[in-house]
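If you want the building blocks of each chain, they are given just below.
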Amino acid sequence: MDIIKALLQNVALPRMVKIRQTFPAAEIADVPTALRDALAQSGQLDRIQPGMRIAIAAGSRGIDQIPALVRTTVTELKKRGAEPFVIPAMGSHGGATATGQTEVLVHLGVTEETVGCPIVSSMEVVELSRLANGLPVYIDKHAYEADGIVLINRIKPHTAFRGPNESGLAKMIAIGLGKQKGAET
């Protein structure tokens, strides 16, 4: 502390006043109902046909009430005759292993019992295409083989870097569903 005082002894500091600012944080009282309403309003569930296999991509980004969100999505898909399953969509998290990624979901409360459908965890990917610069674009093999994909994600600043796509849909598609190979690329 003495060094700081010494460094600042000839520095004129501006007058300061302590303030406190609070930001309103709206809360959703009933998350499953809010999700059902949002799904209904989107019209996207109208595209679901009986027998469709739908991959529900769940990540590791600390989404509040993720078991309820996944369970509600599963329920709504099943009401329309779909066959949903959960895929861990987390790039290299969980030690970049299928078992490790399943364990991350279990830690978050997402299990076959809590969400009502199978969890299909694999690090197998399919190369979808290549970007103009030659980089490959990968997707989880089971998501690729599904009739549709639902992403359950969170959008927030990344903890390690800043860029136009830090976290959210684009990252979950490119890196989460791209598994280790997508994260590495």
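Our structure's up above, just so we're on the same page.
What you see is a predicted model, and the numbers here were worked out from it, not measured in a lab. Here the residue index of a chain counts from 1 through its sequence in written order. In keeping with the predicted nature of the model, local features appear solely for residues at pLDDT of at least 70, side-chain atom pairs appear and are counted solely at 80 or more, and the whole-chain, interface and lining totals rest on all residues. Working from all heavy atoms in the structure, the side-chain values ignore hydrogens and water.

J.: Which residues make up the side chain of Lys171, and what values do they have?
T.: Strands are runs of DSSP state E lasting at least 2 residues, helices are runs of H or I lasting at least 4, and numbering of each runs from the N terminus. Turning to its location among the elements, Lys171 is positioned in helix H7 (residues 169–176). Each residue is assigned to one of three classes by its accessible area relative to the maximum for its type, calculated with a 1.4 Å probe on protein chains only: buried under 20%, partly exposed between the two thresholds, exposed over 50%. Classification of Lys171 as buried rests on a relative accessible area of 16%. Among all residues touching Lys171, those that are not within four sequence positions of it are Arg61, His158, Glu166 and Gly176. A contact between two residues is defined here by any heavy atoms of the two lying within 4.5 Å.

J.: Can you lay out H7 for me, pointing to particular residues and giving the numbers?
T.: Within H7, the full set of buried residues consists of Lys171, Met172 and Gly176. Looking straight down H7, one finds its buried side chains confined to an arc of 100°; they lie on one side. At its buried positions, H7 is contacted by strand E1 (53–58), strand E2 (83–88), strand E5 (148–152) and helix H8 (179–184). Working note: the arc is built from the helix axis to C-beta atom directions.

J.: How would you summarise the sheet that holds E1 if you had to cite specific residues and measurements?
T.: Strand order across the open sheet formed by 3 strands is E2-E1-E5, with parallel pairing between neighbours. If you trace the sheet from one side to the other, it starts and ends with E2 and E5, each paired once. The average angle at which neighbouring strand axes cross in this sheet is 25°, direction not considered. Here the rule is simple: two strands pair whenever DSSP picks up at least two bridges between them. For E1 and E2, the ladder comprises 6 bridges, and the chain directions are parallel. Following the sheet pairing, Ala58 is matched in E2 by Pro88. Only C-alpha atoms enter the line fits that serve as axes; for helices the fit covers just the stretch in contact. Angles between N-to-C directions range over 0 to 180 degrees. Lying on the sheet, H7 is in contact with E1, E2 and E5; it crosses E5 at an angle near 120°.

J.: I'd like to hear about helix H2 (residues 31–42), residue by residue, with values.
T.: An ideal rise of 1.5 Å per residue puts 16 Å on 12 residues; H2 measures up with 16 Å between its terminal C-alpha atoms. Taken residue by residue, H2 has Val31, Leu35 and Leu39 as its buried positions. All buried residues of H2 fall inside an arc of 70° around its axis, so they share one side. Facing away from the buried side of H2 by more than 90 degrees, the exposed set consists of Ala40 and Gln41. Structurally, H2 contributes buried residues whose contacts are with helix H3 (66–79). Phi turns positive, to about 80°, at Gly43, one or two residues after H2. A helix is expected to reach a length of 1.5 Å times the quantity of its residues less one.

J.: Explain the pattern of salt bridges to me, using residue names and the numbers behind them.
T.: Salt bridge, as used here, is a side-chain nitrogen of Lys or Arg placed within 4 Å of a carboxyl oxygen of Asp or Glu. In this structure the tally under the stated criterion is 5 salt bridges. With a closest N to O distance of 2.9 Å, Arg130 and Glu127 form a salt bridge. The partly exposed category is assigned to Arg130, whose relative accessible area is 48%. Linked through salt bridges whose partners overlap, the residues forming this network are Glu76, Lys79 and Arg80.

J.: An account of the environment of Ala96 is requested, with residue identities and associated values reported.
T.: Residue placement: Ala96 occurs in the loop between E2 and helix H4 (98–107). Classification of Ala96 as partly exposed rests on a relative accessible area of 25%. Discounting residues that sit within four places of it in the chain, Ala96 has contacts with Met123 and Gln180.

J.: Explain the nonpolar core residue by residue, including any values.
T.: In this text, buried Ala, Val, Leu, Ile, Met, Phe, Trp, Tyr and Cys residues form a nonpolar core when linked through side-chain atoms within 4.5 Å. Core analysis: the largest hydrophobic core is formed by 24 residues, its most contacted members being Ile56, Ile66, Val70, Leu77, Val86, Leu105 and Ile152. The leading source of residues in this core is H3, at 5 residues. Residues within four places of Leu77 in sequence aside, it is in contact with Leu45, Ile48, Ile54, Ile56, Ala82, Pro84 and Val150. With 10 residues, the next largest nonpolar core counts Ile87, Ile139, Ala146 and Leu177 among its residues.

Purely spatial values, then, with no claim about function.
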